[in-house]
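Topology and contacts: notes
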Amino acid sequence: MDNFDYRDGVLHAEDLPLSAIADAVGTPVYIYSRATLERHAQVFRDALAILPRVHIAFAIKANPNLAVLRVMSREGLGADVVSGGELARALAAGMPPQDIVFSGVGKQQHEMIQGLEAGIGQFNLESEEEGIELAALAAERGLTAACALRVNPDVDARTHAKISTGKAENKFGVPIDRGADIYARLAALPGLAMRGVAVHIGSQLSELGPFEEAFAKVGALIAEIRASGHAVTHADLGGGLGVPYKAGEVYPSPQEYAEMVARATAGWDVTLMFEPGRVICGNAGVLLTRVIRVKRSSNKAPFVVVDAAMNDLARPAMYGAWHDFDAVQPTGEKMTAHIVGPICETGDTFAMDRETDALQAGDLAVFRTAGAYGATMASSYNSRGFVAEVMVDGENWAVVADRILPAAISAAERVPDFLD
Ligand code: LLP
């Protein structure tokens, strides 16, 4: 459920017609609904309330906009961060340091120090090497880093290969069959307090089976670690729950997910940690765009050339992802079209042969479900600017990220003297 609905024939974000935002801010622009963000945080939290002890850390990578993070922190969510930049954002948004988890396979020493000095709640270690480095950095400072060991359960998440993380050949975590040994060695290091295990098998999962398979392996590992005399008080089950991108698709609900988790983790006696991203913010955002022109083609359907491009929304080019595309003021007529952006490569295609609302030059339209992995994956390719972001709250709205113009980007570049 989201808050992007037609009223009097015009698509609104909450109580605001999207055309008002286009008039004021221009296009392309990402638009987030505060009410949808809040609702999704609440639905996820309420679903997990059937579990004994729970910590929810919003995966900032899905949408790191400071206003979005502020909504999450007001809802009591912590943060899952994967870089020093994300850590700074979580703190700036008011997330308490102890609610922050630091994930990621390539944490650099300056980032570990940043986390230690901020007093974050947990580091998710992705290798023994990383644990040894962190232990030394913590011990030098007289600190102790609470840690979980991320394991790779070798489970097929049955999602897109580029966002699958739990197969043995993926770079993430330590092989689960070596987990107990590595955990024991890390637990012996001064500077570390090993307290748990972590797993994240991929993103945009459409079925619960792979989660359950992975969690069963994690349960066995927890028993093995405990049997060798070490404490496990936390289990971080990652994120990954998928969302529908096509109207009418049905995905497992947060309630069904929580029931599966309750089954899979019965008797673990740990604090269960979660790192949801997409399921919280995915359909809380749209990318609003204007049709530049409709170009006839020899390929039957015409090209609808819009002012958004693969640099603004990379998912279709990168993963072949589908985003529903709807007119802001549909006439009721339909057309079949190829939806493309202005960038000079064929990869800049949002959809081929898409049955869509009839559109003409100047019309506004949206790509839906663009609130996760949208603006944050933008680039300035083709010397386009960085897209603006807006948050709507009832009939109020605010620009929550300025459009960065091409001139501001080139202003950071220099021609060296030796080229004079
Ligand atoms: N935790 C960890 C350790 C992760 O790597 C991720 C996502 C999450 C949590 C959040 O997963 P979610 O609940 O959002 O599925 N750019 C891709 C998605 C990449 C996901 C990377 N990791 C896309 O646009 O589909």
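Think of each chain on its own: its residues are numbered from 1, step by step along the sequence as written. The model is predicted, so local features are restricted to residues of pLDDT at least 70 and side-chain atom pairs to those at 80 or more, both for listing and for counting; the totals for chains, interfaces and linings are taken over all residues. The side-chain values count all of the structure's non-hydrogen atoms but skip hydrogen atoms and water molecules.

1. Digging into the side chain of Glu86
The criterion, for reference: Put simply, DSSP H or I for four residues or longer makes a helix, DSSP E for two residues or longer makes a strand, and each gets a number counted from the N terminus. The buried label goes to any residue with under 20% of its type's maximum accessible area, the exposed label to any with over 50%, and the partly exposed label to all in between, with areas taken from a 1.4 Å probe on protein chains only. A positive count includes Lys and Arg, and a negative count includes Asp and Glu. His and the chain ends are not counted in either. Should a side-chain nitrogen of Lys or Arg be within 4 Å of a carboxyl oxygen of Asp or Glu, the pair is scored as a salt bridge. The term polar contact refers here to a pair of N or O atoms within 3.5 Å; inside protein, the definition further demands a hydrogen-donor-capable atom paired with an acceptor-capable atom, and it admits residues adjacent in sequence only when both atoms are side-chain atoms. Here a residue-residue contact requires only that any non-hydrogen atoms of the pair lie within 4.5 Å.
One can find Glu86 in helix α4 (residues 84-92). At 5.6 Å, Lys61 is the nearest oppositely charged side chain to Glu86, a buried residue that forms no salt bridge. From its side chain, Glu86 meets the backbone nitrogen of Lys61 in a polar contact 3.3 Å long. The contact partners of Glu86, leaving out residues within four places of it in the chain, are Ile60, Lys61, Asp80 and Val81.

2. A word on helix α1 (residues 18-25)
As a reminder, the rule being used: Throughout, the arc means that of the directions going from the helix axis to the C-beta atoms.
All of the buried residues along α1 are Leu18, Ile21, Ala22 and Val25. Down the axis of α1, the buried side of the element spans an arc of 100°, and every buried residue falls inside it. Turned more than 90 degrees off the buried face of α1, the exposed positions are Asp23 and Ala24. Once α1 finishes, Gly26 follows within two positions and takes phi at roughly 85°, a positive value.

3. Considering the nonpolar core
Filter applied, for reference: We define a nonpolar core as any set of buried Ala, Val, Leu, Ile, Met, Phe, Trp, Tyr and Cys residues linked to one another through side-chain atoms lying within 4.5 Å. For each domain, the first and last residues come from an automatic or database assignment.
By size, the foremost hydrophobic cluster in this structure holds 103 residues, and its most contacted members are Phe215 and Tyr257. Looking at which element gives the most residues to this core, the answer is helix α8 (residues 209-227), with seven residues. Split by domain, this core shows at least three residues from each of two domains, domain 1 (4-32 + 282-411) and domain 2 (34-279). Those residues in contact with Tyr257 that sit more than four places away from it in its chain are Phe44, Leu48, Leu208, Phe211, Phe215, Leu237, Gly238, Leu241 and Phe274. By size, the runner-up hydrophobic cluster in this structure holds 19 residues, among which are Leu16, Leu18, Val29 and Val366.

4. With respect to the domain arrangement of the chain
Basically, it comes down to this: Put simply, buried area is the surface a 1.4 Å probe can reach on two separate parts but cannot reach once they are joined, added for both. Only Asp, Glu, Lys and Arg are considered charged in this grouping, and only Ala, Val, Leu, Ile, Met, Phe, Trp, Tyr, Cys and Pro are considered nonpolar; every other residue, Gly among them, is considered polar.
Domain boundaries assigned for the chain yield domain 1 (4-32 + 282-411) and domain 2 (34-279). When each unit is reduced to the centre of its C-alpha atoms, the spacing between domain 1 and domain 2 is 32 Å. Every contact between the two is made by 22 residues of domain 1 and, on the other side, 23 residues of domain 2. Note on domain 1 versus domain 2: buried area summed over both sides is about 2,000 Å², and carbon and sulfur give 56% of it. Looking only at domain 1, the three residues that lose the most surface to domain 2 are Tyr319, Tyr373 and Met391, adding up to 27% of its buried area. Along the contact surface separating domain 1 from domain 2 lie one salt bridge. Here Asp393 makes a salt bridge to Arg34, at a shortest N to O gap of 3.1 Å. Across the contact surface, domain 1 and domain 2 share 14 residue pairs in polar contact (both at pLDDT 80 or more). If one sorts the elements of the side of domain 1 that touches domain 2 by residue count, strand β20 (residues 388-393) sits on top with four residues. Residues that form the side of domain 1 that touches domain 2 fall into these classes: eleven nonpolar, six polar and five charged.

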